[in-house]
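What follows is each chain in one-letter form.
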Amino acid sequence: MTGSTARIQAIEANKADFDLVIDIRPHAGSTPTVYGAVAVTADRLLSNPSQFIGSNEDVVLVVCDIGLRSAIATDQLRSMGYSAAVSLEGGIESWITAGLPTISPEGLSRDDYARYDRQLKLPDFGIHGQQALAGARVAIVGVGGLGSPVLGYLAAAGVGHLTIIDSDNVELSNLHRQPIYTTSDVGRAKAEAAASYAAALNPMIKITVSTTRIDTTNAADILRGHDVIVTCIDSFETTHAINGAAVLLGVPMVFGSVYRTEGQMAVFDVRSGPCYACVFPGQSTDPGLDCSIVGVLGPVTGVIGSMQATETIKMIIGSSGVSTGLLILYDAEAQSIDRLSLQKVASCATCGDRRASRIRV
Ligand SMILES: [Zn+2]
């Protein structure tokens, strides 16, 4: 230990016997740290060191990310009389690089910490958000232009169980807006190809595949047991069938649709707002909405699908900012986003007082 300079190398620190190890990182307690470290921010530590350090003679190791803030804090502690305080040179980064043991506060592996590092550092995310994602089951209905980014982002973020539902095969005309597939996937079942992509992206999650076409007779059975349903399809009829199941099961449905260069996104959560049928009652058989006829700009599906993935993650981690009760309208030509407030309709045929019995279970 080089006490005169108040710095200690990781290898040396690992052999030393400290009275106390303090991790001053703001996100300490949610990422791996030195075994036995207590999480105390620098502000708290320096405002009242005696609250944490037993005596002026205690040998204290101060840890941060790369050793800069801990060096400053250590110098201040020493100037306050804590003469045996030392800073970990290079911070926890050098500790991990040296292959020294760390503790995972809540059971995540070192690989988990590396994989999810950037989201773990978000103020409202942290270890509890990651755990919530790991324990979540999400159904993605349709893995086309919208479902591609939804699947990619949810798999990458660590949603523990994804159910991929799609009855189509990959076609060459899909590839301009569905970049999870390659040319060699043409002809494969989409659900299978999508599952291969997601498993390669994140082998830690569980993926279930269904090639069943969803309708009112099977929607509730297929979707039961999920925490969130994400609809990424262009069929009114199927969306109504899924909405009926979502209402029946009391599960939020994250809706997205795209028309040429415009898109819509909404979170329909019947527990706190309107359902899809409140806003889009009735059916439509207008073929003019089919992108195979009217065309679609590929990245627009990426924008809307990314919004759907964002709202899904926010719901799972318990964010207070979920856009339930809003219809988000995106116009790629003008690069504008509008928000419409949605209202629950008492007479809604699906969730209202005069609910029809067209949902079969
Ligand atoms: Zn409704």
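This text gives an overview of the structure that appears in the document. These figures come from a predicted structure and were not determined experimentally. (Residues numbered from 1 in each chain as written. Predicted model: local features only at pLDDT ≥ 70, side-chain atom pairs only at ≥ 80, totals over all residues. Heavy atoms only, no water.)

Of the regular secondary structure elements, the protein chain holds 14 helices and 15 strands. Since a compact globule built from 361 residues should have a radius of gyration of about 21 Å, the 26 Å found for the protein chain marks it as more spread out than a globular shape. Per-residue burial for the protein chain yields a buried fraction of 49% across its 361 residues. Restricting the contact set of the protein chain to residue pairs at least 6 apart, pairs at least 24 apart contribute 65%. Of the roughly 16500 Å² that the protein chain leaves accessible, carbon and sulfur atoms contribute 51%. (Helix = DSSP H or I, 4+ residues; strand = E, 2+ residues; numbered from the N terminus. Rg over C-alpha atoms; globule rule 2.2 N^0.38 Å. Buried < 20%, exposed > 50% of the residue type's maximum accessible area, 1.4 Å probe, protein only. Contact = heavy atoms within 4.5 Å. Areas by Shrake-Rupley, 256 points an atom, 1.4 Å probe, with all protein chains shown as cover.)

Now for unusual backbone geometry. The phi angle at Arg 260 is positive, at roughly 55 degrees, despite the residue not being glycine. Here Arg 260 lies in the loop between β12 (253-259) and β13 (262-268). Judged by its relative accessible area of 40%, Arg 260 falls in the partly exposed class. Look at Gln 335: it is not a glycine, yet its phi comes out positive at around 50 degrees. Mapping Gln 335 onto the fold places it in the loop between β14 (326-331) and β15 (336-341). For Gln 335, a relative accessible area of 58% translates into the label exposed.

On to the nonpolar core. Formed by 45 residues in total, the largest nonpolar core has its most connected members in Val 138, Ile 140, Leu 151, Leu 154, Val 159, Leu 162 and Tyr 181. With seven residues, the single largest contributor to this core is helix α14 (residues 298-317). Here Tyr 181 is in contact with Val 143, Ser 148, Val 170, Leu 175, Lys 190, Ala 193 and Ala 194, once residues within four sequence places are set aside. Formed by 22 residues, the second largest nonpolar core is a distinct cluster that contains Ala 139, Ile 214, Ala 266 and Leu 342. (Core = buried A, V, L, I, M, F, W, Y, C linked by side-chain atoms within 4.5 Å.)

Further remarks concern the side chain of Thr 239. Considering the arrangement of structural elements, one finds Thr 239 in helix α11 (residues 236-249). For Thr 239, a relative accessible area of 2% puts it in the buried group. Leaving out residues up to four positions away in the same chain, Thr 239 has contacts with Ile 233, Met 253, Phe 255 and Tyr 276.

Of the volumes computed, that of the second largest pocket is approximately 380 Å³. Around the second largest pocket, the lining comprises 21 residues; the ones closest to its centre are Phe 255, Ser 257, Val 258, Tyr 259 and Gln 264. Of all elements in the fold, only α11, β12, β13, β14 and β15 reach the threshold of two or more residues within the lining of the second largest pocket. The residue inventory of the lining of the second largest pocket, partitioned by class, reads 10 nonpolar, seven polar and four charged. (1 Å grid on protein atoms, 1.4 Å probe; cavity = no way out; pocket = protein on both sides within 12 Å on 5 of 7 lines; lining within 4 Å. Points joined across faces, edges and corners; volume = space filled by probe spheres on them. Nonpolar A, V, L, I, M, F, W, Y, C, P; charged D, E, K, R; others polar.)

Enumeration over the complete set of coordinates arrives at two cavities of 30 Å³ or more. Estimates place the volume of the second largest cavity at around 40 Å³. Lining the second largest cavity are Asn 243, Ala 246, Val 247, Val 251, Met 253, Phe 268, Asp 269, Val 270 and Cys 275. At three residues, the largest contribution of residues to the lining of the second largest cavity is made by α11. Of the residues assigned to the lining of the second largest cavity, the class counts are seven nonpolar, one polar and one charged.

Another aspect to go through is the sheet that holds strand β5 (residues 60-63). Two modes of strand pairing occur in sheets, parallel and antiparallel, and in both the strands are linked by backbone hydrogen bonds. One open sheet holds the five strands; their spatial order is β1-β6-β5-β2-β4, and the pairing between them is parallel. Looking at strand neighbours, the two that pair on one side only are β1 (7-8) and β4 (38-39), the edges of this open sheet. Across three bridges, the pairing between β5 and strand β6 (residues 85-88) is parallel. Across the sheet, residue Val 60 finds its bridge partner in β6, namely Ala 85. Contacts from helix α3 (residues 68-79) reach β1, β5 and β6 within the one sheet, and its direction differs from that of β6 by about 175 degrees. (Pairing = 2+ DSSP bridges. Axes fitted to C-alpha atoms, helices over the stretch in contact; angles between N-to-C directions.)

All right, on to the environment of Asp 111 then. Turning to its location among the elements, Asp 111 is positioned in helix α5 (residues 110-115). Asp 111 gets classed as exposed once you look at its relative accessible area, which sits at 61%. When the C-alpha atoms of Asp 111 and Ser 167 are compared, they prove to be 34 Å apart, with 56 residues separating the residues in sequence.

This next bit is on the pattern of salt bridges. Counted under the stated rule, the structure contains 11 salt bridges. For Arg 271, the salt bridge goes to Asp 269, with nearest N and O atoms at 2.9 Å. For Arg 271, a relative accessible area of 57% gives the class exposed. (Salt bridge = Lys/Arg side-chain N within 4 Å of Asp/Glu carboxyl O.)

Moving on: the packing of helix α8 (residues 147-157) against helix α9 (residues 190-201). Where α8 contacts α9, the two axes come as close as 9 Å, and the packing angle between them is 30 degrees. In terms of orientation, α8 lies roughly parallel with respect to α9. Taken as a pair, α8 and α9 cross one another with a handedness that is right-handed. Only Ala 194, Tyr 197, Ala 198 and Leu 201 of α9 make contact with α8, whose side of the interface consists of Leu 151, Gly 152, Ala 155 and Ala 156. Here the residues of the contact of α8 with α9 are counted per class, giving seven nonpolar, one polar and no charged. (Parallel < 35°, antiparallel > 145°, perpendicular 65-115°, else oblique. Left-handed = near helix turned anticlockwise from the far one by under 90°.)

Note on the zinc ion: its protein donors are Cys 275 (SG), Cys 278 (SG), Cys 348 (SG) and Cys 351 (SG). The metal-donor distances range over 2.2 to 2.3 Å. Here the zinc ion binds four donor atoms, and the angle range of 95 to 123 degrees at the metal identifies the geometry as tetrahedral. Taken in chain order, the donor set of the zinc ion reads C-x2-C-x69-C-x2-C. On the accessibility criterion, Cys 348 (4% relative accessible area) is buried. We classify Cys 351 as buried; its relative accessible area is 8%. (Donors = N, O, S within 2.8 Å, 3.2 Å for Na, K, Ca; no water. Tetrahedral: all angles 85-135°; square planar, octahedral: opposite > 155°, others 65-115°.)

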